Amino acid sequence: MYGRDPWGGPLEINAADSATDDDRSRNLNDLDRAALSRPLDETQQSWLLGPAEQKKKKIYVDLGCIIVSRKICVWTVGSIVAAGLLVGLITLIVKTVPRHHHSHAPADNYTLALHKALMFFNGQRSGKLPKHNNVSWRGSSCLSDGKGKQGSFYKDLVGGYYDAGDAIKFHFPASFSMTMLSWSVIEYNAKYEAAGELNHVKELIKWGADYFLKTFNSSADTIDRIVAQVGSGDTSGGSTTPNDHYCWMRPEDIDYDRPVTECSSCSDLAAEMAAALASASIVFKDNKAYSQKLVHGAKTLFKFARDQRGRYSAGGSEAATFYNSTSYWDEFIWGGAWLYYATGNNSYLQLATMPGLAKHAGAFWGGPDYGVLSWDNKLAGAQLLLSRLRLFLSPGYPYEEILSTFHNQTSIIMCSYLPIFTKFNRTKGGLIELNHGRPQPLQYVVNAAFLATLFSDYLEAADTPGWYCGPNFYSTDVLRDFAKTQIDYILGKNPRKMSYIVGFGNHYPKHLHHRGASIPKNKIRYNCKGGWKWRDTSKPNPNTLVGAMVAGPDRHDGFHDVRTNYNYTEPTIAGNAGLVAALVALSGDKTTGIDKNTIFSAVPPMFPTPPPPPAPWKP
């Protein structure tokens, strides 16, 4: 029987062969052993294997301690000589070729603007200035503030910051400014470090916090009054009494009386100041004694805010004209949240998450200004701040319900900022009208840019690629793009091709509504009315207040660089604080992100309370 050999030849198959495979392999083994038992001579090997290969004889070199192949020896010595020649050649080139210092990659616009925006606060300092203040035309000023009043609860009120282009110290917007700066440092510590501005911004916060500690009895546990304002700007009824608005003087030359305004029923102001000190205590947590001093002051202020209810601007006070507060409920949530982060005390979290407070603050009804963070309304900021707690610590019952509500409301606010939604109009140049076309829009825009970037970074840090607006899902990049378009508008990408930050770019406002910047430092002291000629001149300011963000353009993207029109050209510390926060959030490398943990350093580990059992069943 023949079969087909798969390799091409015939294969005989013996069907009668019934030997098993094991038998065959056993026979093969026997053959192998037989072959090995009788050695083959050379002729037989040549039949099987062909002619044997002649091996080359290796030449060895005796090096004394070791014997090596001559070939290896030659290769080794040659390699060493070649390497030596190469190193020598490289060294010669390095020594003879002139050196070029390669600088780092140029800083982005946001970082460049950040350096300038922080310098604005140096220009707004009151009191005895440090030698390194770096604003050549500024000097120590108003060194008599708060002195000479016997029996008062404060010793002096020297220091702090002037609010805007005048020399008044309004504590309500100033507190908000310091809270915003502290929040930005807590979240973006690494970005400040990378920009070389961390020590600078911390020094600015400390300048504000030290001043606030002077405005009440900070060593006491219970107080009954605080200082709301230093200086006066009332010119109603044609008053000609010298004050900080009637007079146009350099702060260094002020010689008129600066009244101190106290209040005993000012929940909004006290709670905002508590937020400022509590957030600053987290910034300075490594300085334990100072941090505890700030926390104690914050607790005292917050207790006062809760015990003696009232709006600081009620009753026709001067503050109502300039910084009228609409309510104190949002400050209760805001201050409570910051005190919880600063202390880890659950009682503050319980207060901040009370549905009743949220209802009074307008969390459930919207309105035209819903979602707009400002020195007056902190609700949007407080909601984002508490959403952070849910995203990263998830405390569960009994906080989950209100925290998830705040999280959802924050998401809705972020949706309202996007161009595809119509809650807020935009100018033809693309600026969002958060204040619905009213003057001085930029302070609201920068706050929204900060919130949007921060929410985007929260989601990134929580490994969440985006969020929902109704049925549609949007990536975190959409929020960053919104923030960038708004800040880019302020930096010069607008119809006028004008930067609204003094000293940034080549085309910026030259007639800033600012007393110190508009009067030359020429050793001449101009009195109250003597400075009016500098106010009314059409010449550019002799001094540049670097980093000052002006009030902004109108709803038609128009801007008048006129010193007497403060609605266009006046800067404020509240506006610049939001600008600094937005710039640092957008600056540098996106991958740097936020500091997830520092804000929680005082918060104890969370063990959620189990919800109560259901009520017993009744038939």
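As the structure is a computational prediction, the values presented were derived from the model and not from experiment.

Peer 1: Would you mind showing me how to read the layout of surface pockets here?
Peer 2: One way to see where empty space is left: roll a probe the size of a water molecule over the atoms. As a volume, the largest pocket reaches approximately 740 Å³. The wall of the largest pocket is formed by 27 residues, among which His-245, Phe-322, Gln-440, Tyr-566 and Glu-570 lie closest to the centre. A class-by-class count of the residues in the lining of the largest pocket yields 11 nonpolar, 10 polar and six charged. When its volume is computed, the second largest pocket comes out at roughly 570 Å³. Lining the second largest pocket are 31 residues, with Thr-326, Asp-369, Ser-374, Asp-376 and Asn-377 sitting closest to its centre. Looking at the lining of the second largest pocket, the elements that each hand over two or more residues are helix H10 (319-322) and helix H14 (379-392).

Peer 1: So what exactly am I meant to see when it comes to helix H5 (residues 171-187) here?
Peer 2: Owing to its 3.6 residues per turn, the α-helix brings residues three or four apart onto one side. Its 17 residues place the ends of H5 24 Å apart at the C-alpha level, agreeing with the 24 Å of an ideal helix rising 1.5 Å per residue. Extensive coverage of H5 is indicated by the burial of 17 of its 17 residues.

Peer 1: Got a minute to help me understand the packing of aromatic side chains in this structure?
Peer 2: When we look at a pair of aromatic rings, we describe it by the centre distance and by the angle of the planes. On inspection of all chains with the given rule, the structure shows 33 aromatic pairs. Taking 5.4 Å as the distance between ring centres and 15 degrees as the angle between the ring planes, the aromatic pair formed by Tyr-417 and Phe-482 counts as stacked. Residue Tyr-417 is found in helix H15 (residues 400-417), and its partner Phe-482 is found in helix H17 (residues 476-491); the two are separated by 65 residues along the sequence. Each member of the pair, Tyr-417 as well as Phe-482, is classed as buried. In this structure an aromatic cluster arises from ring pairing among Trp-183, Trp-334, Trp-338, Tyr-340, Tyr-341, Phe-450 and Phe-600. The ring of Phe-332 is capped by Arg-306, whose NZ or CZ atom sits 4.8 Å from the centre of that ring. Looking at Lys-510, its charged tip hangs above the ring of Tyr-508, at a distance of 4.0 Å from the centre.

Peer 1: Teacher, can you tell me more about the packing of helix H8 (residues 267-283) against helix H9 (residues 288-307) here?
Peer 2: For any two helices packed against each other, one specifies the crossing angle of their axes together with the interaxial distance. At a closest axis distance of 8 Å, the pairing of H8 and H9 adopts a crossing angle of 160 degrees. By the angle class used here, H8 and H9 are roughly antiparallel. When the axes of H8 and H9 are compared, the crossing they make is left-handed. When H8 is examined against H9, the residues Ser-267, Ala-270, Ala-271, Met-273, Ala-274, Leu-277, Ala-278, Ala-280 and Ser-281 are found in contact with a partner set consisting of Ser-291, Leu-294, Val-295, Gly-297, Ala-298, Leu-301, Phe-302, Phe-304 and Ala-305.

Peer 1: Any chance you could explain a nonpolar patch on the surface here in plain terms?
Peer 2: Taken together, Leu-86, Leu-89, Ile-90 and Ile-93 make up a surface patch of nonpolar side chains, about 380 Å² in accessible area. Summarising the element assignment, Leu-86 is placed in helix H3 (residues 70-96). Given the relative accessible area of 51%, Leu-86 is considered exposed.

Peer 1: Sorry if this is basic, but what is going on with the sheet that holds strand S5 (residues 169-170) here?
Peer 2: What links the strands of a sheet is backbone hydrogen bonding, and the strands pair in either a parallel or an antiparallel sense. Overall, antiparallel pairing links the three strands, which are arranged S5-S6-S7 in an open sheet. Among the strands making up the open sheet, the edge pair consists of S5 and strand S7 (260-263). Examined bridge by bridge, S5 and strand S6 (residues 226-230) share two bridges and lie antiparallel to one another. Pairing of Lys-169 across the sheet is with Val-230, part of S6.

Peer 1: Even after reading the chapter, I still don't get the UniProt feature "active site" (unreviewed entry) in the protein, so can you show me in this structure?
Peer 2: Feature annotation in UniProt assigns "active site" (unreviewed entry) to the following positions: His-513, Asp-561 and Glu-570. The greatest C-alpha distance among the annotated residues, which extend across 58 residues, is 10.2 Å, indicating that they converge on a single site. Considering only the annotated residues already named, the ones lining the largest cavity are Glu-570. Relative to the assigned elements, His-513 resides in the loop between H17 and helix H18 (515-518). Classification of His-513 as buried rests on a relative accessible area of 10%. Relative to the helices and strands, Glu-570 is located in the loop between helix H20 (566-569) and helix H21 (573-586). Taking the relative accessible area as the measure of exposure, Glu-570 reaches 16% and is therefore buried. Discounting residues that sit within four places of it in the chain, Glu-570 has contacts with Ala-164, Gly-165, Asp-166, His-513, Met-549, Val-550 and Ala-551.

Peer 1: Teacher, can you tell me more about the nonpolar core here?
Peer 2: Among soluble globular proteins, nonpolar side chains are generally buried collectively. Grouped together as the largest cluster of nonpolar side chains are 165 residues, with contacts concentrated most on Trp-183, Trp-338 and Tyr-417. No other element matches the 13 residues that helix H16 (residues 442-461) contributes to this core. The contacts of Trp-183, once residues within four sequence positions are left out, are Trp-334, Trp-338, Gly-381, Leu-384, Leu-385, Phe-450, Leu-451, Leu-454 and Tyr-458. Counting residues in each nonpolar core, the second largest holds nine residues, with Ala-167, Cys-247, Met-249 and Cys-528 among its members.

Peer 1: Help me understand the pattern of salt bridges, please; the structure alone is not making it clear to me.
Peer 2: Any two side chains of opposite charge can pair, so long as their charged atoms come close to each other. Applying the stated rule across the entire model yields 23 salt bridges. Notably, a salt bridge pairs Lys-590 with Glu-460, separated by 3.6 Å at the nearest N-O pair. Of this pair, Lys-590 sits in the segment after H21 while Glu-460 is found in helix H16, placing the two residues 130 residues apart along the sequence. A residue is classified by how much of its surface remains accessible, and Glu-460, at 34% relative accessible area, is partly exposed. It is possible to trace a salt-bridge network through shared partners that takes in Arg-138, Arg-250, Glu-252 and Asp-253.

Peer 1: What should I look at first to understand the pairing of strand S8 (residues 466-469) in this one?
Peer 2: Put simply, side chains in a regular strand alternate between the two faces of the sheet. Two elements, S8 and strand S9 (residues 472-475), share four bridges in a ladder whose sense is antiparallel. Across the sheet, Cys-469 pairs through a bridge with Asn-472, a residue of S9.

Peer 1: Explanation requested: the packing of H5 against helix H11 (residues 329-343) in the structure shown.
Peer 2: Direction vectors running N to C along H5 and H11 enclose 40 degrees, while the axes themselves pass 13 Å from each other. By the angle between their axes, H5 is oblique relative to H11. Handedness of the crossing formed by H5 with H11: left-handed. In this structure, H5 contributes Phe-172, Thr-179, Trp-183 and Ile-186 to the contact, and H11 contributes Glu-331, Trp-334 and Trp-338. Each residue belonging to the contact of H5 with H11 can be placed in one class, and the counts come to five nonpolar, one polar and one charged.

Analysis parameters
- The written sequence of each chain sets the order in which its residues are numbered from 1.
- With the structure being a predicted model, the display of local features is reserved for residues of pLDDT at least 70 and the display and counting of side-chain atom pairs for 80 or more, all residues being used for whole-chain, interface and lining totals.
- Calculation of side-chain values draws on the structure's entire complement of heavy atoms; hydrogens and water are dropped beforehand.
- Space inside and on the surface of the protein is sampled on a 1 Å grid over the protein atoms alone, with a cavity defined as a set of points where a 1.4 Å probe fits but cannot get out and a pocket as an open set with protein on both sides within 12 Å along at least 5 of 7 lines; lining residues have an atom within 4 Å of a point.
- Grid points are joined across faces, edges and corners, and a volume is the space filled by probe spheres set on the points.
- In the scheme used here, Gly and all other residues not listed as nonpolar or charged are polar, with Ala, Val, Leu, Ile, Met, Phe, Trp, Tyr, Cys and Pro taken as nonpolar and Asp, Glu, Lys and Arg as charged.
- The helix and strand labels rest on DSSP assignments: H or I over at least four residues marks a helix, E over at least two residues marks a strand, and numbering proceeds from the N terminus.
- To estimate how far a helix should extend, the number of its residues minus one is multiplied by 1.5 Å.
- Throughout, exposure labels follow a simple rule: accessible area from a 1.4 Å probe, protein chains only, divided by the maximum for the residue type, with under 20% read as buried, over 50% as exposed, and the rest as partly exposed.
- Two rings from Phe, Tyr or Trp (for Trp, the six-membered ring) form a pair when their centres sit within 6.5 Å of each other. Planes less than 30 degrees apart are called stacked, planes more than 60 degrees apart edge-to-face, and all others tilted.
- Distance and angle both matter: a charge sits over a ring if NZ of Lys or CZ of Arg is within 6 Å of the ring centre and within 35 degrees of the ring normal.
- An axis is simply a line fitted to the C-alpha atoms; with a helix, the fit covers only the stretch in contact. Between two such axes, the angle follows the N-to-C directions and lies from 0 to 180 degrees.
- By definition in this entry, angles of less than 35 degrees are roughly parallel, angles greater than 145 are roughly antiparallel, angles of 65 to 115 are roughly perpendicular, and the rest are oblique.
- Take the far helix as your reference; a near helix turned counterclockwise from it by less than a right angle gives a left-handed crossing, and one turned clockwise gives a right-handed crossing.
- Every residue pair with non-hydrogen atoms within 4.5 Å of one another is taken to be in contact.
- Patch definition: residues with relative accessible area over 30% and no salt bridge; like charges joined within 9 Å; nonpolar side chains (Val, Leu, Ile, Met, Phe, Trp, Tyr) joined within 5 Å.
- A 1.4 Å probe and the Shrake-Rupley method give the accessible areas. Residues count as covered only by the protein chains that appear here.
- Here a salt bridge means any side-chain nitrogen of Lys or Arg lying within 4 Å of a carboxyl oxygen belonging to Asp or Glu.
- DSSP bridges decide pairing: two strands pair if at least two such bridges lie between them.
- UniProt positions are given in the numbering used here, feature names are shortened, and annotations may be inferred rather than shown by experiment.
- Only buried residues count toward a nonpolar core, which is a set of Ala, Val, Leu, Ile, Met, Phe, Trp, Tyr and Cys residues joined through side-chain atoms within 4.5 Å.

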